[in-house]
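Chains, contacts and geometry: an overview
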Amino acid sequence: MNSTIYALIIIAVMAALTYGARLFPYLLFGRGGKVPPIITYLGNVLPPAVMILLIVYCLRNVVFTVYPHGIPEFLAIAVAAILYKITKNNLLAIVSGTVLYMVFIQLIFV
Amino acid sequence: MRHAIAKSFPITIPVLLGYIPLGIAFGLMMENAGWNIFWALLSSVAILTGTGQFIEVSFITLGTALYEVILITIILNSRMMFYGLSFLDRYKEIGPRKWYLIFSLTDETYALLTAVKPPEGVKEKDFLLAVSALDHSYWIIGTVIGVTAGSLLKIDTTGVDYVMTILFVVLAMDQWKAYASHEPVLIGLVSSVLSLVIFGPDNFMIPALILITVLLIVRRSKIEPKVATAESTSMDSGSEAGMTIGADPVIPCPDTESIMVTSDE
């Protein structure tokens, strides 16, 4: 098979499957009928738990036993959290934390 | 709608800061592998998933067998099946735009939409569309820059993807305040760390999500009464933040990509 056509097929398959995963709950529960209460409950309480999961996911490759022991990651998070707590300005906190992290890993903990 | 986009834009700036560099990295990889702007653009418009698209580059370059493409894509995206649960009710009355909102729900968009409330004077359904479309457009813009001019950029962006991690932290702080029960947060923490220790960094997401779901169901009788009574009051408690941050989230996580960004440089 021509490799251009095969690439198109791969992209189409990936697009369809990715949309399929996102569509899945609506296919199961979204058709007019009533959503079971337990699903509504899960929809309400999953976000804060998933947020923590995403944070852990982002930090999953941090190794505490070797230098720099996760210090850049956790120091940047701590500074951002404290800044946000004090200033209530989330953009300031997010940008400061990120710039600090970039400085840490590019210039300090190299 | 223009008003909704202008008002929602500040909320999406952290995602902009993350998606543009990641999009550039993806565009660069496509270009390096010999695929032009058509292919890069097609991927970012039609697939829209961080990790998946980085793997896609090797799929289409190597001509990977379809069954393998299917298997890996399903595994990578299975967490998305859980995200939609938080929008079943919200998407009921908003018309056909819901098909686009469902399509464009990345990890980051999920995080924003579940944790942030619409700004004053913006309709909920316009807010949902504005945030989703803005985030999607950042990914596309980054891709185009990467595939056309990426090799000319000489800035060291190593670490910029950490913006997503800190965004999640800030959104988690908002949710801590907005939710009357902190048990979902603790369940999320215990399940994630336990899964990470048992299954390792490459395979822990799905076991963690299953464990979270099971524990949330087991503890339902304790959590639900608190959350239900607090729903109305949480509206006010979140609004003292600089931007209105509410209670629903969506995201593609950047870690694997960041590794590739680094190796590109």
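Residues numbered from 1 in each chain as written. Chains lettered and ligands numbered in written order. Predicted model: local features only at pLDDT ≥ 70, side-chain atom pairs only at ≥ 80, totals over all residues. Heavy atoms only, no water.

What follows is about the interface of chain B and chain A. Each partner contributes to the interface: chain B provides 101 residues, whereas chain A provides 67 residues. Approximately 7500 Å² of surface area, both sides summed, lies buried where chain B meets chain A, with 76% of it carried by carbon and sulfur atoms. The interface formed by chain B and chain A includes zero salt bridges. Linking chain B to chain A there are 14 residue pairs in polar contact (both at pLDDT 80 or more). If one sorts the elements of the side of chain B that touches chain A by residue count, helix α9 (residues 162–178) of chain B sits on top with 14 residues. Class assignment of the residues belonging to the side of chain B that touches chain A gives a composition of 66 nonpolar, 22 polar and 13 charged. (Contact = heavy atoms within 4.5 Å. Buried area = accessible area lost by both parts, 1.4 Å probe. Salt bridge = Lys/Arg side-chain N within 4 Å of Asp/Glu carboxyl O. Polar contact = N/O pair within 3.5 Å; in protein donor to acceptor, adjacent residues only side chain to side chain. Helix = DSSP H or I, 4+ residues; strand = E, 2+ residues; numbered from the N terminus. Nonpolar A, V, L, I, M, F, W, Y, C, P; charged D, E, K, R; others polar.)

With their axes 10 Å apart at the nearest point, helix α2 (residues 37–58) of chain A and helix α7 (residues 107–115) of chain B run at an angle of 140 degrees to one another. Judged by the inter-axis angle, α2(A) sits oblique to α7(B). Where α2(A) crosses over α7(B), the two elements pack in a sense that is left-handed. In contact with A:L46, A:P47, A:V50, A:M51 and A:L54 of α2(A), α7(B) contributes B:D107, B:Y110, B:A111, B:T114 and B:A115. Of the residues that constitute the contact of α2(A) with α7(B), the class distribution is eight nonpolar, one polar and one charged. (Axes fitted to C-alpha atoms, helices over the stretch in contact; angles between N-to-C directions. Parallel < 35°, antiparallel > 145°, perpendicular 65-115°, else oblique. Left-handed = near helix turned anticlockwise from the far one by under 90°.)

Right, let's talk about the nonpolar core for a bit. B:Y91 and B:L216 are the most contacted members of the largest nonpolar core, which totals 104 residues. Here this core gathers at least three residues from each of two domains, domain 1 (2–175 + 247–264) and domain 2 (180–237) of chain B. Leave out the neighbours within four places in its chain, and B:Y91 touches A:Y26, B:K98, B:L101, B:I102, B:L105, B:L113 and B:L128. (Core = buried A, V, L, I, M, F, W, Y, C linked by side-chain atoms within 4.5 Å. Buried < 20%, exposed > 50% of the residue type's maximum accessible area, 1.4 Å probe, protein only. Domains from an automatic or database assignment.)

Looking now at the environment of B:L171. Residue and element names in this part refer to chain B. Mapped onto the elements, L171 comes out in helix α9. A relative accessible area of 1% places L171 in the buried class. For the pair L171 and T114, spaced 57 residues apart in the sequence, the C-alpha separation amounts to 9.1 Å.

The end-to-end C-alpha distance of helix α3 (residues 71–87) of chain A, which contains 17 residues, comes to 24 Å, matching closely the 24 Å that a straight helix rising 1.5 Å per residue would cover. All of the buried residues along α3(A) are A:P72, A:E73, A:A76, A:I77, A:A80, A:A81 and A:Y84. Burial along α3(A) is one-sided: seen end-on, the buried residues are contained in an arc of 155 degrees. In this structure, α3(A) carries A:I82, A:K85 and A:I86 as exposed residues pointing more than 90 degrees from its buried face. Buried positions along α3(A) lie against α4 (90–108) of chain A together with α9 of chain B. (Expected span 1.5 Å × (residues − 1). Arc of directions from axis to C-beta.)

Predicted coordinates in regions of low pLDDT should not be interpreted in detail. Residues at a pLDDT of 70 or more form 85% of chain B, whose mean pLDDT is 83. Taken as a whole, residues 232–265 of chain B scores under 50 in pLDDT and shows 127 contacts with residues more than four places along the chain or in a different chain. (pLDDT = per-residue confidence, 0-100.)

All names here are of chain B. In total, this model carries six salt bridges over all chains according to the counting rule given. Among the salt bridges present, the one from R219 reaches E183, with a minimum N-O distance of 2.4 Å. Residue R219 is found in the loop between α11 (205–218) and α12 (220–237), and its partner E183 is found in helix α10 (residues 183–199); the two are separated by 36 residues along the sequence. On the basis of relative accessibility, which here comes to 32%, the residue R219 falls in the partly exposed class.

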